[in-house]
Amino acid sequence: MDHIKIVQLEIFAFHGCEEQEKRDGQKFYIDADLYTDIRTPGISDDLNDTINYATVCQFIDKFMKENRFDLIEAAAEQTVRALLQEFPKVRGVDFTIYKPNAPIGLPFENVAVSISRKWSKVILAVGSNMGDREAYLNGAADSLYDDGNCRVNVISNYIETEPYGPVEQDKFLNGCIELETLYSPQELLKKINQIEAEAGRTREVHWGPRTLDIDIIFYENEIVDQPDLKIPHIEMHKRLFVLEPLKQIAPYWVHPVFHKTVTQLLEELKPENSCEGCGGCKMQCGKE
């Protein structure tokens, strides 16, 4: 992707663990690559179509002066997150903080921390079959809207579906949300678990009724295989109640394991395309 480079921006700030660093401050130097669209302003020659790098430099200077961190790791993380939230045209940042006067006690040229952060596109599936189902789903979307680390792009229509699994319960209302986030997959999982808990979600019965269920379906094209988190969701290709609303908002998203689009996965799963015209092993009827 195109990017704007800022090299060796000098900032005087008060970051560090030592009392002298907190009291007297020191010089830091910043390198930043701002990933953005250069073609549009390159054609239009209009400042409004690009990122004003002077404004970005002033923002970094102000943020690093007004906030104090013991670790330059924290200074880098928080500065970049604030920068990405402040400037919508910045899609990602490579960011390095140099600390040439670090209290090491040995000869050295520099100490630096480098990080890369970006807005990552994510698909969430949401469902509810208790109480005011629509209110629970809307509440989940509102919680994401209100989180500065998330940008909700589009929400599918909600569809009513039969419950999945062996537990007898009421019908679900299901939908999908496309968003962009600064959270890592694990951080996003923590966030959606918090939203579920605030909606009164409990987990006493597997596949049981719930006020709110949120699953991470896709996170960019990443494959995550951890004990508490599997991305893409390992059951999504078997679930009409995920694929139908997902097709509304991301029909051509390619599954990174199966290498098929959402549309193709849905066509394969539809009852008329499966055994005995009822879904067979591809649905939840239990037939082979």
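Just so it is clear, the structure is predicted and the values come from calculations on it, not from any experiment. (Residues numbered from 1 in each chain as written. Predicted model: local features only at pLDDT ≥ 70, side-chain atom pairs only at ≥ 80, totals over all residues. Heavy atoms only, no water.)

**With respect to the overall build of the chain**
On a plain count of helices and strands, the chain comes out with eight helices and eleven strands. When burial is assessed residue by residue, the chain has 47% of its 288 residues classed as buried. Pairs at least 24 apart in sequence give 63% of the contacts found in the chain among residues at least 6 apart. Working note: accessible area of the chain is about 15200 Å², and carbon and sulfur atoms make up 49% of it. (Helix = DSSP H or I, 4+ residues; strand = E, 2+ residues; numbered from the N terminus. Buried < 20%, exposed > 50% of the residue type's maximum accessible area, 1.4 Å probe, protein only. Contact = heavy atoms within 4.5 Å. Areas by Shrake-Rupley, 256 points an atom, 1.4 Å probe, with all protein chains shown as cover.)

**Things to note about the sheet that holds strand E4 (residues 112-118)**
Here we have four strands laid out as an open sheet, ordered E1-E2-E3-E4, and antiparallel in their pairing. Each edge of the sheet is formed by a strand with only one pairing partner; in this case those strands are strand E1 (3-13) and E4. The average undirected angle you get between the axes of adjacent strands in this sheet is 15°. In the sheet, strand E2 (residues 26-35) pairs with strand E3 (residues 92-98) via seven bridges, with the strands oriented antiparallel. Within E3, the position partnered with Ala32 by the bridge is Phe95. Against the sheet, helix H3 (residues 53-66) engages E1, E2 and E3, with an angle of about 35° to E1. Against the sheet, helix H4 (residues 72-86) touches E2, E3 and E4, its axis set at about 30° to E4. (Pairing = 2+ DSSP bridges. Axes fitted to C-alpha atoms, helices over the stretch in contact; angles between N-to-C directions.)

**Comments concerning the packing of aromatic side chains**
Tallied over the full model, the rule gives four aromatic pairs. Between Phe59 and Phe63, the ring centres sit 6.3 Å apart and the planes meet at 20°, which makes this aromatic pair stacked. Of the two residues, Phe59 and Phe63 both sit in helix H3, four residues apart, roughly one turn of that helix. The buried category is assigned to Phe59, whose relative accessible area is 18%. In this structure Phe63 comes out as buried when scored by relative accessible area, which is 17%. On the numbers, 5.3 Å between centres and 10° between planes, the contact of Phe218 with Trp253 is stacked. (Phe/Tyr/Trp six-rings, centres within 6.5 Å; stacked < 30°, edge-to-face > 60°.)

**Thoughts on unusual backbone geometry**
Each neighbour pair has its own omega, and for Ile231 with Pro232 the value is -5°, a cis peptide bond. In this fold, Pro232 is placed in the loop between strand E11 (229-231) and helix H7 (240-249). Phi at Asp45 is positive, roughly 60°, even though this residue is not glycine. Tracing the chain through its elements places Asp45 in the loop between helix H2 (39-44) and H3.

**Digging into the pattern of salt bridges**
The full count for this structure, using the stated rule, is 17 salt bridges. Glu235 serves as the salt-bridge partner of Lys238, at 3.9 Å between the closest nitrogen and oxygen. On the basis of relative accessible area, Lys238 is assigned to the partly exposed category, the value being 33%. One continuous salt-bridge network, built from bridges that share partners, spans Glu77, Arg81, Arg117 and Glu187. (Salt bridge = Lys/Arg side-chain N within 4 Å of Asp/Glu carboxyl O.)

**Some details on the side chain of Thr211**
Mapped onto the secondary structure, Thr211 falls in the loop between helix H6 (185-198) and strand E9 (213-219). Residue class for Thr211 comes out buried when judged on its relative accessible area of 8%. Polar side-chain contacts of Thr211 include one of 2.8 Å to the backbone oxygen of Ala199. (Polar contact = N/O pair within 3.5 Å; in protein donor to acceptor, adjacent residues only side chain to side chain.)

**Side note on the confidence of the model for the chain**
Reading predicted coordinates in detail is not appropriate for stretches of low pLDDT. Averaged over every residue, the pLDDT of the chain is 90; residues scoring 70 or more account for 89%. In this model residues 274-288 is a low-confidence stretch, pLDDT under 50, and it forms 26 contacts with partners more than four residues away in sequence or in other chains. (pLDDT = per-residue confidence, 0-100.)

**A closer look at the side chain of Asp31**
Mapped onto the elements, Asp31 comes out in strand E2. Buried charge without a partner: Asp31 forms no salt bridge, and the closest opposite charge is Lys5, 7.1 Å away. Of note is the side chain of Asp31, whose polar atom sits 2.9 Å from the side chain of Tyr98. The contacts of Asp31, once residues within four sequence positions are left out, are Ile6, Val7, Gln8, Asp94, Phe95, Thr96 and Tyr98. (Lys, Arg positive; Asp, Glu negative; His and termini not counted.)

**Comments concerning the nonpolar core**
In terms of nonpolar packing, the biggest core is built from 33 residues, with Ile30, Leu34, Ile60, Leu83, Phe95 and Ile97 touching the most fellow members. Looking at this core, the elements with two or more residues in it are E1, E2, H3, H4, E3 and E4. With seven residues, H4 is the largest single contributor of residues to this core. Filtering out sequence-adjacent residues up to four positions away, Ile60 remains in contact with Leu9, Ile11, Ile30, Thr79, Leu83 and Phe95. (Core = buried A, V, L, I, M, F, W, Y, C linked by side-chain atoms within 4.5 Å.)

**Focus: a nonpolar patch on the surface**
Taken together, the side chains of Ile223, Val257 and Phe258 make up a nonpolar region of the molecular surface, amounting to roughly 270 Å² of accessible area. With respect to the helices and strands, the residue Phe258 is situated in the loop between H7 and helix H8 (262-269). (Patch = residues over 30% accessible without salt bridge, like charges linked within 9 Å, V, L, I, M, F, W, Y side chains within 5 Å.)

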